[in-house]
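Per-entry structural report
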Amino acid sequence: MKTEVLAIKDIKKQSDDIARAGKILRGGGLVAFPTETVYGLGADGLDAEACAKIYEAKGRPSDNPLILHVADRAMVDEITREIPDIAEKLLAAFCPGPITLILERKDIVPDRITGGLSTVGVRMPENEVARAMIRAAGVPIAAPSANISGRPSPTTAASVLRDMDGRIPLILDGGPCRFGVESTIVDCTGPVATILRPGAITREMLTEVLGGVKLDPALVGAKVVPKAPGMKYKHYAPNAPMTLLEGGPEKMVPAFRRQVRQLQAEGHRVGVLASHEVCTALQDSVPAPLLADYGAQGDLLTIASRIYELLIAFNDTEADVLLGEGMSDAGLGLAIMNRLHKASGFHSIAI
Ligand code: TXA
Ligand code: MG
């Protein structure tokens, strides 16, 4: 199958292109599309056979449920049984936006896409191309991140193409994703809202709106099965093994110098994924292609938007081990650290 990449610069002028994507989706085909978090791999979410193609294209385990993307509130009501008070508040405060609500589902949602769960993840993206595409399709769109399972999620159309070339007919290119980490998943089915996956809507933002919010115990290291099935899989992993250095930002430069020197003395080609401060300090000891600058320390929006592309890029270098710089888990730091811990297989050194 030939994969076409179609740049969408103006949804009004390109209504024919959007309509074509909608037609492919209604016909049971797959379309990759931009969102404000990461690129999604979409199919008609009410058509189990269309959704089966997503699992095939991604090599995704069949017990890992898909979330449904909607354009408006009417579509939320079409697929969910009831909207508890918690969810009403989150819809009002954060939708459309980078959040996914876990709600009790109606029977219209096929068992196949929810892995047999009685619930469904509902996400109303803010990205205009995504919204126009969903409206053109006229149905909720099932969409996981548009990567091969286990790899980092794509935040550019070029990265989607790298994983999906020849597997899907169409990629809508809406430019780089604004946030760069997947949506915050909030379970709204219990008495207290629970974060199953941290994202751009932070714990602090949720607490302000709801008064209280829990973190799924699996997120804070407890040896329990995570409630979001996908969180149990190995994820975001670059080819070379990665170790995270964790501690105060002011300790990072000397700690990196020490670790780099030691690994190089053992004959390794060390890749570094770190702040601008650390990368600048290592310029004389690490070759430029092996230095991945994720932004200034504390500039969490920039760091989030860059980490996946930087992780992917290491696979084209000679690095055989990677060192990553950790940070505080306040605000968006919780989502970034969650991804970095998974990318490193929870291998970290306290400095
Ligand atoms: O930002 C995002 O959420 C992106 C964009 C494309 O919208 N999508 C995304 O989908 O990250 P995916 O499939 O890569 O991640 C969805 C996560 C998985 O970990 C899955 O196990 C979990 O949501 N999930 C889906 N349905 C669920 C449910 N009913 N209960 C608990 N977790 C669920
Ligand atoms: Mg994913």
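Keep in mind it's a predicted model, so treat the numbers as computed, not measured.

What follows covers the site of ligand 1. Around ligand 1 sit 28 residues, and of these Thr37, Asn64, His69, Ser183 and Gly230 come closest. Arginine 123 is positioned such that a nitrogen or oxygen atom in its side chain is 2.8 Å from an oxygen atom of ligand 1. One of the side-chain nitrogen or oxygen atoms of serine 145 is found 3.1 Å away from an oxygen atom of ligand 1. Here ligand 1, which alone exposes 680 Å², has 97% of that area covered by the protein. Top element by residues in the shell around ligand 1 is strand β6 (residues 119–123). It accounts for 3 residues. Of the residues belonging to the shell around ligand 1, the class tally is 14 nonpolar, 9 polar and 5 charged.

What follows is about the nonpolar core. Leu41, Leu90, Ile99, Met133, Leu172 and Leu206 are the most contacted members of the largest nonpolar core, which has 68 residues in total. Of all the elements, helix α6 (residues 128–137) adds the most residues to this core, at 6 residues. Formed by 44 residues, the second largest nonpolar core is a distinct cluster that contains Ala274, Leu290, Ile303 and Leu311.

Tallying each qualifying case throughout the model produces 14 salt bridges. In this structure, aspartate 77 and arginine 73 form a salt bridge, with 3.2 Å as the shortest nitrogen-oxygen distance. Highlighted residues: aspartate 77 and arginine 73, both in helix α3 (residues 73–79), separated by 4 residues, approximately one helical turn. Among the residues examined, arginine 73 registers a relative accessible area of 33% and is labelled partly exposed. For the salt bridge of aspartate 111 with arginine 105, the shortest nitrogen-to-oxygen distance reads 2.7 Å. Owing to a relative accessible area of 51%, aspartate 111 belongs among the exposed residues under this scheme. For arginine 105, a relative accessible area of 9% gives the class buried. When salt bridges with common partners are traced through the structure, they connect Arg73, Asp77 and Glu88 into a single cluster.

Packing of helix α4 (residues 85–94) against helix α8 (residues 203–210) brings their axes to within 10 Å, and their N-to-C directions diverge by 120°. The chirality of how α4 crosses α8 is right-handed. Touching Ile86, Lys89, Leu90, Ala93 and Phe94 of α4 are Met205, Leu206, Val209 and Leu210, all from α8. Residue classes in the contact of α4 with α8 are distributed as 8 nonpolar, no polar and 1 charged.

Let us look at the domain arrangement of the protein. If you check the domain split of the protein, you get domain 1 (4–220) and domain 2 (242–350). In this structure, domain 1 and domain 2 have C-alpha centres spaced 29 Å apart. On the side of domain 2, 17 residues touch domain 1, which itself brings 22 residues to the contact. Both sides together, the interface formed by domain 1 and domain 2 hides about 1500 Å², and carbon and sulfur atoms give 58% of it. Per-residue buried area on domain 1 facing domain 2 is highest for Pro152, Val181 and Pro198; these three make up 30% of the total on that side. Linking domain 1 with domain 2 are 2 salt bridges, by the criterion used here. Taken together, the links from domain 1 to domain 2 amount to 8 residue pairs in polar contact (both at pLDDT 80 or more). Of all the elements in the fold, those that place two or more residues in the side of domain 1 that touches domain 2 are α7 (157–164) and α8. Partitioned by chemical class, the residues of the side of domain 1 that touches domain 2 number 9 nonpolar, 7 polar and 6 charged.

The next thing to look at is α7. Burial in α7 covers these residues: Ala157, Ser159, Val160, Asp163 and Met164. End-on, the buried residues of α7 take up no more than an arc of 160°, which puts them together on one face. Close packing links the buried residues of α7 with β1 (4–7), β2 (31–33), β3 (40–44), α2 (48–58), β8 (170–173) and α11 (300–314). Count one or two residues on from α7 and you reach glycine 166, which has phi positive near 85°.

Another aspect to go through is the sheet that holds β8. Pairing is mixed across the open sheet formed by 11 strands, whose spatial order is β1-β8-β2-β3-β7-β4-β6-β5-β9-β10-β11. If you trace the sheet from one side to the other, it starts and ends with β1 and β11 (214–215), each paired once. Strand direction decides the pairing type here: strand β5 (residues 99–104) and β6, joined by 5 bridges, are antiparallel. Within β6, the position partnered with leucine 103 by the bridge is valine 120. Lying over the sheet, α4 contacts β5 and β9 (184–187), oriented at roughly 155° with respect to β5.

With that settled, consider α2. Listed as buried for α2 are Ala50, Cys51, Ile54, Tyr55, Ala57 and Lys58. For α2, the secondary structure elements touched by its buried residues are β3, α5 (111–114), β7 (141–142) and α7. By the N-cap criterion, in which a side-chain oxygen at the helix start approaches the backbone nitrogen of a residue two or three places on, α2 is capped by aspartate 47, the distance to glutamate 49 being 3.0 Å. Downstream of α2 by a residue or two, glycine 59 has a phi angle that is positive, lying close to 65°.

Here is what the cut-offs are and how they apply
- Residues numbered from 1 in each chain as written.
- Chains lettered and ligands numbered in written order.
- Predicted model: local features only at pLDDT ≥ 70, side-chain atom pairs only at ≥ 80, totals over all residues.
- Heavy atoms only, no water.
- Near = heavy atom within 4 Å.
- Polar contact = N/O pair within 3.5 Å; in protein donor to acceptor, adjacent residues only side chain to side chain.
- Areas by Shrake-Rupley, 256 points an atom, 1.4 Å probe, with all protein chains shown as cover.
- Helix = DSSP H or I, 4+ residues; strand = E, 2+ residues; numbered from the N terminus.
- Nonpolar A, V, L, I, M, F, W, Y, C, P; charged D, E, K, R; others polar.
- Core = buried A, V, L, I, M, F, W, Y, C linked by side-chain atoms within 4.5 Å.
- Buried < 20%, exposed > 50% of the residue type's maximum accessible area, 1.4 Å probe, protein only.
- Salt bridge = Lys/Arg side-chain N within 4 Å of Asp/Glu carboxyl O.
- Axes fitted to C-alpha atoms, helices over the stretch in contact; angles between N-to-C directions.
- Left-handed = near helix turned anticlockwise from the far one by under 90°.
- Contact = heavy atoms within 4.5 Å.
- Domains from an automatic or database assignment.
- Buried area = accessible area lost by both parts, 1.4 Å probe.
- Arc of directions from axis to C-beta.
- Pairing = 2+ DSSP bridges.

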